[in-house]
Amino acid sequence: MNLGLEGRVAVVGGASSGLGFAVADHLAAEGADVLIVSRSAERIQAAAERLADRPGRVLGVAGDVVDPDVPAAVVARATECFGTPTILVPNSGGPPSMPAVDIGAEDLTRAHELLLLPVQRLVTACLPGMRNAGWG
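Below you will find a few notes about this structure. (Residues numbered from 1 in each chain as written. Predicted model: local features only at pLDDT ≥ 70, side-chain atom pairs only at ≥ 80, totals over all residues. Heavy atoms only, no water.)

### Considering empty space enclosed by the protein
Tallying each qualifying case throughout the model produces 1 cavity of 30 Å³ or more. Of the voids in this model, the largest cavity is the one considered here, and its volume is about 30 Å³. Every residue along the wall of the largest cavity is listed here: Val-65, Pro-90, Asn-91, Ser-92, Leu-114, Pro-118, Val-119 and Leu-122. Split by residue class, the lining of the largest cavity holds 6 nonpolar, 2 polar and no charged. (1 Å grid on protein atoms, 1.4 Å probe; cavity = no way out; pocket = protein on both sides within 12 Å on 5 of 7 lines; lining within 4 Å. Points joined across faces, edges and corners; volume = space filled by probe spheres on them. Nonpolar A, V, L, I, M, F, W, Y, C, P; charged D, E, K, R; others polar.)

### Description of the pairing of strand β2 (residues 33-38)
The buried fraction of β2 is high, at 6 of 6 residues. Residues of β2 alternate between two faces, with Asp-33, Leu-35 and Val-37 on one and Val-34, Ile-36 and Ser-38 on the opposite face, all of them buried. Pairing geometry for strand β1 (residues 9-13) and β2, over 5 bridges, is parallel. Within β2, the position partnered with Ala-10 by the bridge is Val-34. Remark: the β1/helix α1 (residues 18-29)/β2 crossover connection has right-handed handedness. Pairing of β2 with strand β3 (residues 58-62), which is carried by 5 bridges, proceeds in the parallel orientation. Within the sheet, the bridge partner assigned to Val-34 lies in β3 and is Val-58. Handedness of the crossover joining β2 and β3 through helix α2 (residues 41-50) is recorded here as right-handed. (Buried < 20%, exposed > 50% of the residue type's maximum accessible area, 1.4 Å probe, protein only. Helix = DSSP H or I, 4+ residues; strand = E, 2+ residues; numbered from the N terminus. Pairing = 2+ DSSP bridges. Right-handed = clockwise from strand over helix to strand, strands pointing away.)

### Quick notes on the packing of aromatic side chains
Within the structure shown, the criterion is met by 0 aromatic pairs. Its guanidinium or amino end placed over the ring of Trp-135, Arg-8 lies 3.8 Å from that ring's centre, counting from NZ or CZ. Here Arg-50 stacks its cationic end above the ring of Phe-21, 4.4 Å away from the centre of that ring. (Phe/Tyr/Trp six-rings, centres within 6.5 Å; stacked < 30°, edge-to-face > 60°. Lys NZ or Arg CZ within 6 Å of the ring centre and 35° of its normal.)

### A closer look at the layout of surface pockets
In this structure, the largest pocket encloses a volume near 280 Å³. Around the largest pocket sit 17 residues that line it, and Gly-14, Ser-38, Arg-39, Ser-92 and Gly-93 are the ones nearest its centre. Within the lining of the largest pocket, the residues separate by chemical class into 4 nonpolar, 10 polar and 3 charged.

### With respect to the sheet that holds strand β4 (residues 87-89)
Taken in spatial order, the 4 strands line up as β3-β2-β1-β4 in an open sheet, and their pairing is parallel. Taken across any chain shown, the strands that pair with only one partner, and hence form the sheet edges, are β3 and β4. Direction aside, neighbouring strands of the sheet carry axes that sit 15 degrees apart on average. The pairing of β1 with β4 spans 3 bridges and is parallel. Within β4, the residue paired with Ala-10 across the bridge is Ile-87. Along the sheet, α1 contacts β1, β2, β3 and β4; its crossing angle with β1, the most-contacted strand, is approximately 165 degrees. Across the face of the sheet, helix α3 (residues 70-81) comes into contact with β1, β2 and β3 while running at roughly 150 degrees to β2. (Axes fitted to C-alpha atoms, helices over the stretch in contact; angles between N-to-C directions. Contact = heavy atoms within 4.5 Å.)

Next up, the structure:
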């Protein structure tokens, strides 16, 4: 299938395995250049090696997007290596699963830190370039 992604630049979070890896695999197979990010340097490099034969270039970067400085650094690295990101997949792991009656304030705070703030920071870092490119 040709989705018209050849030459596009993507940033995909949580990409050392699971959904993030699958998305990165498909984007690179379509010819997009993909920066994949995950907390584990070893796992993200192994994932990048597994994707090395795709038409799109793949770069693995270790970083925890919960750290407020990492999202902008990841987008800057993608821009430096491939050009302006016009695809963003802010995938990440979440808090532990538990019954709703067991969720406390600390659990909600952690969920906010894991699932909402990194997305906002990644979008903030990508949005100017996406607007300039008219795509994203």
